[in-house]
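Geometric and topological summary
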Amino acid sequence: MDGASIMTSRPCLYCGDTSRKKTKEHVLQNSFGGSMTLAEDVCTDCNSVVFDGLDDEFVRYAKSIFDPNMRRRMLRENLTLSFDPGWGAWYALRLDNSLAPIVCPQIAIASVFTDPIDVRFSFDKVMDSDPERTFDTIVAELCAPSAIKLEFDVRHMEANDPPLHPIVVRTAHKTYLAVAGNDDEVQTLRELISDGKLGSGLRAMPREQPREAFVERPRVVGVVRRDFEKIERAIVKTAINYVCKVAGPTAARAPEFEAMRQYALHGGASLGCVTNVYGTTASSRSSAAGELCLTKEHALMLSSNADGLSVVLLCFAGQDFCAVTLGHTKHIPAGTLIITVFDPERRTHDVIDFASPRCVWDFVNARKLRGLSSRSDG
Ligand SMILES: [Zn+2]
């Protein structure tokens, strides 16, 4: 496109600085095997001081979902159950369509009637600015029998995982995971709910309690600490980086994207431009990018529809993960479709610009030479 040759020594894409050195900024995070970089667009301060922390948080979160080495089970279509050996606890976490986190902490039923349960809910500022008030709300919800729905639909645990019967406890506002060891405990759970006592045994732990205190007690509530603002900023940054790489630096610097660049750099109120598509009904239809990936590959896709509405999609392990709605700019023509497939093992990537049939053929032929076809290894 038009941008690449215009600016020779251009200001930092994010902070606008012209004095500091530029450093190699990975378009897709290095930890994902991202081999595509911006060499002339991001200054040392933005790259190292600001973005490193965002990327760490994002990678940690995404890998907890996609890393095949993580033990996890799909609890439901849209709920991932994870066992964290460090905490000795199960927890479930998912995002809703607008990237708002839904944390599903465990409730160890065996303890409900023998001892008050020690519960630690750890909320970041995106979730709740007042953990104590949230705790009170949780207790109130769990003591309201009419508001609680139970679902028993998961028994597929691996041999090495700790025994448990996960039960989804739904209230009007939250989803909890109840953990019962046997049918008697399940019955106890039902009685506690009908008596309005499920929440009455809960008490909050002091926030300064060391983590070790929890690890000693198996089947205690899991601690989930995620900074979703950082995750969202890292995602927005990745989208802008990708625009810079494949649509050119002028497009990435378009005034229409100023709010997004500032959000990536400074944070603040969410722009609402990131949509979670993993674990939602939308993901049952894979995007073109997801379809091109082998199951170990990641992809970025820039597309612009007939009206010129541009979106960047992030795919991990061949599955659509989230979409960043960029909006309209004249620098990204309607009908644009550029997909980059990253191979984390070989640390290579292929850029496929669908405006160039040659480009598509090259990708297909390179795959054939390597004995690969899309989705064939799944
Ligand atoms: Zn900068």
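Residues numbered from 1 in each chain as written. Predicted model: local features only at pLDDT ≥ 70, side-chain atom pairs only at ≥ 80, totals over all residues. Heavy atoms only, no water.

1. Some details on the coordination of the zinc ion
Coordination of the zinc ion by the protein comes from Cys12 (SG), Cys15 (SG), Cys43 (SG) and Cys46 (SG), over a distance range of 2.3 Å. Around the zinc ion, the four donor atoms sit at angles spanning 106 to 115°, and that spread fits a shape best called tetrahedral. Between consecutive donor residues of the zinc ion, the sequence gaps follow C-x2-C-x27-C-x2-C. Residue classification places Cys15 among the partly exposed residues on the basis of a relative accessible area of 32%. (Donors = N, O, S within 2.8 Å, 3.2 Å for Na, K, Ca; no water. Tetrahedral: all angles 85-135°; square planar, octahedral: opposite > 155°, others 65-115°. Buried < 20%, exposed > 50% of the residue type's maximum accessible area, 1.4 Å probe, protein only.)

2. Some words on the packing of aromatic side chains
Enumeration over the complete set of coordinates arrives at six aromatic pairs. Note on Phe316 and Phe321: the rings are 5.3 Å apart at their centroids and 75° apart in plane angle, and the pair reads as edge-to-face. Phe321 shares its class with Phe316; the two are buried. A network of ring pairs unites the aromatic residues Phe32, Phe58, Phe316 and Phe321 as a single cluster. (Phe/Tyr/Trp six-rings, centres within 6.5 Å; stacked < 30°, edge-to-face > 60°.)

3. Thoughts on the environment of Tyr263
With respect to the helices and strands, Tyr263 occurs in helix 8 (residues 258-266). Within the structure, the side chain of Tyr263 is placed 2.7 Å from the side chain of Glu232, a separation counted as a polar contact. (Helix = DSSP H or I, 4+ residues; strand = E, 2+ residues; numbered from the N terminus. Polar contact = N/O pair within 3.5 Å; in protein donor to acceptor, adjacent residues only side chain to side chain.)

4. Some remarks on the nonpolar core
Core analysis: the biggest nonpolar cluster contains 54 residues, and Tyr14, Phe58, Val243, Phe321 and Leu326 have the highest contact counts within it. Per-element accounting of this core gives the leading share, eleven residues, to helix 6 (residues 228-246). Aside from chain neighbours lying at most four places away, what touches Phe58 is Gln29, Phe32, Ile231, Ala234, Ile235, Leu314, Phe316 and Phe321. Formed by 13 residues, the second largest nonpolar core is a distinct cluster that contains Val277, Leu292, Cys315 and Ile339. (Core = buried A, V, L, I, M, F, W, Y, C linked by side-chain atoms within 4.5 Å. Contact = heavy atoms within 4.5 Å.)

5. Some details on the sheet that holds strand 18 (residues 348-353)
Ordered by their spatial adjacency, six strands build an open sheet running 13-16-15-14-17-18, and the pairing between neighbours is antiparallel. Only two strands of the sheet have a single partner each, and these edge strands are strand 13 (274-276) and strand 18. With strand direction ignored, the average angle separating the axes of adjacent strands in the sheet is 15°. Bridge analysis of strand 14 (residues 298-304) against strand 17 (residues 337-343) gives six bridges, and the strand direction is antiparallel. Opposite Ser303, over in strand 17, you have Leu337 as the bridge partner. Along the sheet face, helix 10 (residues 357-369) touches strand 17 and strand 18 and points at about 145° away from the line of strand 18. (Pairing = 2+ DSSP bridges. Axes fitted to C-alpha atoms, helices over the stretch in contact; angles between N-to-C directions.)

6. Section: the pattern of salt bridges
Taken as a whole and judged by the stated rule, the model has twelve salt bridges. With a closest N to O distance of 2.6 Å, Arg10 and Asp41 form a salt bridge. Highlighted residues: Arg10 in the segment before strand 1 (22-26) and Asp41 in strand 2 (residues 37-43), separated in sequence by 31 residues. Both residues of the pair, Arg10 and Asp41, count as buried. Taking the shortest distance from any N to any O, the salt bridge between Asp343 and Arg370 comes out at 3.3 Å. Taken together, the residues Asp343 in strand 17 and Arg370 in the segment after helix 10 connect sequence positions 27 residues apart. (Salt bridge = Lys/Arg side-chain N within 4 Å of Asp/Glu carboxyl O.)

7. Re helix 6
The end-to-end C-alpha separation of helix 6 is 27 Å, in line with the 27 Å expected for 19 residues at 1.5 Å each. Within helix 6, 17 of the 19 residues are buried, which leaves the element mostly enclosed by the surrounding structure. At the C-terminal side of helix 6, Gly248 shows a positive phi close to 105°. (Expected span 1.5 Å × (residues − 1).)

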